[in-house]
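Below, each chain spelled out in residue letters.
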Amino acid sequence: MKIVIAYSGGLDTSVAISYLREKYNAEVIAYTSNIGQKIESPDILEERAIKAGAKKFYYEDLREKFVNEYIIPALKAGAIYQDKYPLATALSRPLIAESVIKIAKKEKADAVSHGCTGKGNDQIRFELTFKYLAPEIKIIAPLREWEFKSREEEIEYARKKGIPISVSKEKPYSIDENLWGISIECGVLEDPWQEPPEDAFQITNSPEKAPEKGEYIEIGFEKGIFVSLNGKRMDQIKIIEKVAEIGAKHGIGRIDMIEDRVIGIKSREVYEAPAAVILHTAHSELEKLVFSRDLYEFKKLVSIKYSQIIYFGQWFSHLRICLDKFIEETQKYVTGTVKLKLYKGNCTVVGRESPYSLYKEKLATYSHGDIFDHKASTGFIEIFGLPSKLEGERSKGE
Ligand code: ARG
């Protein structure tokens with residue numbers, strides 16, 4: 001039996017390689033990708049995977065694909081789960097799963113595997129993608145099968161089997177990181193009353209420690225895609241990295257929320273996503289300038305649905321593809337620049353402009369140059385107010 005596993009290099013997936021080899025008498029192929037997380041060199045990862053028992057190791061830099069095929073569509077969609085979570089982890093799972101399937105097909109593997117637990121969302125995201133792209137391939141989830149009751153037992157097993165595990169002191173959090181943000185779970189964070197301790201945060205300054213002086217940035221968009229920072233054109237990876245760096249310095253993008261997992265459990269989640277928060281804020285502001293009221297409000301409904309699709313692991317679905325067609329059309333006029341002020345944890349829009357702006361100063365103004373026909377409002381209110389008048393008459397004396 002041949003199995004391809006999405007391998008992170010951490011304890012769970014290292015032990016999983018060894019487990020799969022023994023339990024299924026399998027030839028295990030490990031697959032790791034760079035999606036913008038802190039990552040060891042492919043050589044070290046390969047050595048570790050082989051020592052854990054893998055027969056072969058694949059490595060790929062997926063950052064560009066991640067940005068173009070996942071992050072940008074999610075940003076255009078305004079996809080933010082339950083008003084707060086920009087979906088960094090959730091977006092990465094179908095991407096990784098898609099690549100695992102490619103390798104599995106190339107290697108003519110019988111099964112694919114991952115290192116997710118049976119309580120979380122990530123198992124669902126991996127497996128729905130596997131099912132969509134290769135319904136014939138078997139899925140094995142070692143963490144749902146094996147008998148380890150604790151991390152200590154797992155470490156003990158790893159020692160016995162000679163599986164290399166990083167010797168650094170056990171981190172108190174479970175951390176998942178990529179270009180779009182960081183998810184932080186476990187430890188004291190599981191008590192929703194406890195404020196996240198400073199050491200939970202990996203990249204952002206606390207607002208208290210952020211510079212006393214705020215900073216202005218300008219983000220340029222073309223058809224919904226961010227194309228420049230402070231007037232300089234850059235590729236999208238660079239913009240995300242730069243915006244994240246500036247935002248992190250100013251303490252932006254810390255998110256602390258109660259979230260509903262797919263399986264129904266409520267969990268307390270902490271995220272750091274300075275780039276996602278800033279870019280969503282800017283993008284949505286530009287839409288406000290160029291969208292009609294109806295389009296703005298209707299697209300909000302689409303955003304909610306789209307965020308659920310991503311969160312629930314249904315990226316590969318006809319509905320998502322259909323919504324992308326709608327969303328693409330909405331981005332036709334989302335071109336322009338947004339100016340933001342970053343200051344001690346706040347990201348405030350202070351300016352916006354677009355060649356397609358529907359804002360007309362001559363119509364909006366309360367001073368001279370006004371071209372709006374004030375008298376026309378009389379007739380408008382007469383008709384628009386008719387239902388109010390009818391209801392008012394009926395309610396007299398109530
Ligand atoms: N709650 C988030 C989500 O469902 C984060 C999951 C984080 N995963 C992890 N391995 N720490 O997308």
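Above this text you will find the structure in question.
**Notes on the packing of helix α4 (residues 88–106) against helix α5 (residues 122–133)**
Consideration 1: Running from amino to carboxyl end, α4 crosses α5 at an angle of 40 degrees, the nearest separation of the two axes being 8 Å. On the basis of their axis angle, the class for α4 and α5 is oblique. Both α4 and α5 take part in a crossing whose hand is right-handed. Residues Thr89, Ala90, Arg93, Pro94, Ile96, Ala97, Glu98, Val100, Ile101 and Lys105 of α4 form the contact with α5, whose participating residues are Asp122, Arg125, Phe126, Thr129, Phe130 and Leu133.

**Remarks on the site of the ligand**
Consideration 1: Taken together, the neighbourhood of the ligand is formed by 14 residues, with Tyr85, Asn121, Arg125, Glu185 and Glu259 sitting nearest.
Consideration 2: At 3.3 Å from a nitrogen atom of the ligand is found a side-chain nitrogen or oxygen belonging to Asp122.
Consideration 3: Look at the ligand: alone it shows 350 Å² of surface, and the protein chains cover 88% of it.
Consideration 4: At the level of elements, α4, α5, β6 (174–178), β7 (181–185) and β12 (266–272) are the ones that each hand at least two residues to the shell around the ligand.
Consideration 5: For the shell around the ligand, the per-class residue count stands at four nonpolar, four polar and six charged.

**Focus on the sheet that holds strand β10 (residues 232–233)**
Consideration 1: Ordered in space as β10-β9-β8-β13-β14, the five strands form an open sheet in which the pairing is antiparallel. With one partner strand each, in any of the chains shown, β10 and β14 (346–353) form the two edges of the open sheet.
Consideration 2: Two elements, strand β8 (residues 215–222) and strand β9 (residues 225–229), share four bridges in a ladder whose sense is antiparallel. The residue bridging Phe221 from the neighbouring strand is Phe226, located in β9.
Consideration 3: Packing against the sheet, helix α8 (residues 236–249) makes contact with β8, β9 and β13 (336–343), and its axis sits at approximately 65 degrees to β9.
Consideration 4: Strand contacts of helix α9 (residues 274–290): β8, β9, β13 and β14, with the helix running at about 135 degrees to β13, the strand carrying the most contacts.

**Thoughts on the packing of aromatic side chains**
Consideration 1: A full pass over the atoms with the stated rule returns 15 aromatic pairs.
Consideration 2: Considering the side-chain rings of Phe380 and Phe384, the 5.1 Å spacing of their centres and the 15 degrees angle between planes classify their relative orientation as stacked. Taken together, the positions of Phe380 and Phe384, both in helix α13 (residues 376–384) and four residues apart, correspond to about one turn of that helix. Across this residue pair, the class does not change: Phe380 and Phe384 are exposed.
Consideration 3: Of the aromatic side chains, those joined through ring pairs into one cluster are Tyr81, Tyr85, Tyr271, Tyr311 and Phe312.
Consideration 4: The ring of Tyr311 carries Arg125 above its face, with NZ or CZ at 4.8 Å from the centroid.

**Observations concerning the pairing of β12**
Consideration 1: Taking burial as the measure, the seven residues of β12 include six buried ones, the bulk of the element.
Consideration 2: Two elements, β7 and β12, share three bridges in a ladder whose sense is antiparallel. Bridge pairing in β12 links Ile184 to Val270.
Consideration 3: Between the end of strand β11 (residues 254–260) and the start of β12, which pair antiparallel, lie five residues, with Gly264 showing a positive phi angle near 105 degrees.

**Remarks on the pattern of salt bridges**
Consideration 1: Under the counting rule described, the total for this entry stands at 26 salt bridges.
Consideration 2: Ionic pairing is found between Lys161 and Glu22, a salt bridge with its closest N-O pair at 2.7 Å. One end of the pair, Lys161, is in helix α7 (residues 151–161); the other, Glu22, is in helix α1 (residues 11–23), with 139 residues separating them in the sequence.
Consideration 3: Its relative accessible area of 37% is what places Lys161 among the partly exposed residues.
Consideration 4: Glu22 gets classed as partly exposed once you look at its relative accessible area, which sits at 48%.
Consideration 5: In this structure, the salt-bridge partner of Asp122 is Arg125, at a minimum N-O distance of 2.7 Å. Taken together, the residues span about one helical turn, with Asp122 and Arg125 both in helix α5 at a distance of three residues.
Consideration 6: Take Asp122: its relative accessible area is 19%, and that puts it in the buried class.
Consideration 7: Shared partners join several salt bridges into a network, and the residues in it are Arg93, Asp122, Arg125 and Asp176.

**Things to note about the side chain of Ser206**
Consideration 1: Mapped onto the elements, Ser206 comes out in the loop between β7 and β8.
Consideration 2: Look past the residues within four positions of Ser206 in its chain and what remains in contact with it is Glu198 and Arg254.

**Examining the sheet that holds strand β2 (residues 27–34)**
Consideration 1: With respect to topology, five strands assemble into an open sheet ordered β3-β2-β1-β4-β5, the strand pairing being parallel. Since the sheet does not close on itself, it has two edges, and those belong to β3 (56–61) and β5 (138–140), each with one partner. When the angles between neighbouring strand axes are averaged without regard to direction, this sheet yields 25 degrees.
Consideration 2: The sheet strands contacting helix α2 (residues 42–52) are β2 and β3, and the helix crosses β3 at an angle near 150 degrees.
Consideration 3: Taken strand by strand, α4 contacts β1 (2–6), β2, β3 and β4 (111–113), and its axis lies near 140 degrees from that of β2.

**Digging into unusual backbone geometry**
Consideration 1: The phi angle at Leu87 is positive, at roughly 75 degrees, despite the residue not being glycine.
Consideration 2: Checked against the element boundaries, Leu87 lands in the loop between α3 (63–77) and α4.
Consideration 3: Not every positive phi belongs to a glycine, and Lys223 is a case in point at roughly 45 degrees.
Consideration 4: Note that Lys223 resides in the loop between β8 and β9.

**Some thoughts on a nonpolar patch on the surface**
Consideration 1: There is a patch of nonpolar side chains on the surface, built from Leu363, Ile371 and Phe372 and spanning about 300 Å² of accessible area.
Consideration 2: With relative accessibility at 41%, the residue Phe372 sits in the partly exposed group.

Quick notes on the rules
- Residues numbered from 1 in each chain as written.
- Predicted model: local features only at pLDDT ≥ 70, side-chain atom pairs only at ≥ 80, totals over all residues.
- Heavy atoms only, no water.
- Axes fitted to C-alpha atoms, helices over the stretch in contact; angles between N-to-C directions.
- Helix = DSSP H or I, 4+ residues; strand = E, 2+ residues; numbered from the N terminus.
- Parallel < 35°, antiparallel > 145°, perpendicular 65-115°, else oblique.
- Left-handed = near helix turned anticlockwise from the far one by under 90°.
- Contact = heavy atoms within 4.5 Å.
- Near = heavy atom within 4 Å.
- Polar contact = N/O pair within 3.5 Å; in protein donor to acceptor, adjacent residues only side chain to side chain.
- Areas by Shrake-Rupley, 256 points an atom, 1.4 Å probe, with all protein chains shown as cover.
- Nonpolar A, V, L, I, M, F, W, Y, C, P; charged D, E, K, R; others polar.
- Pairing = 2+ DSSP bridges.
- Phe/Tyr/Trp six-rings, centres within 6.5 Å; stacked < 30°, edge-to-face > 60°.
- Buried < 20%, exposed > 50% of the residue type's maximum accessible area, 1.4 Å probe, protein only.
- Lys NZ or Arg CZ within 6 Å of the ring centre and 35° of its normal.
- Salt bridge = Lys/Arg side-chain N within 4 Å of Asp/Glu carboxyl O.
- Patch = residues over 30% accessible without salt bridge, like charges linked within 9 Å, V, L, I, M, F, W, Y side chains within 5 Å.

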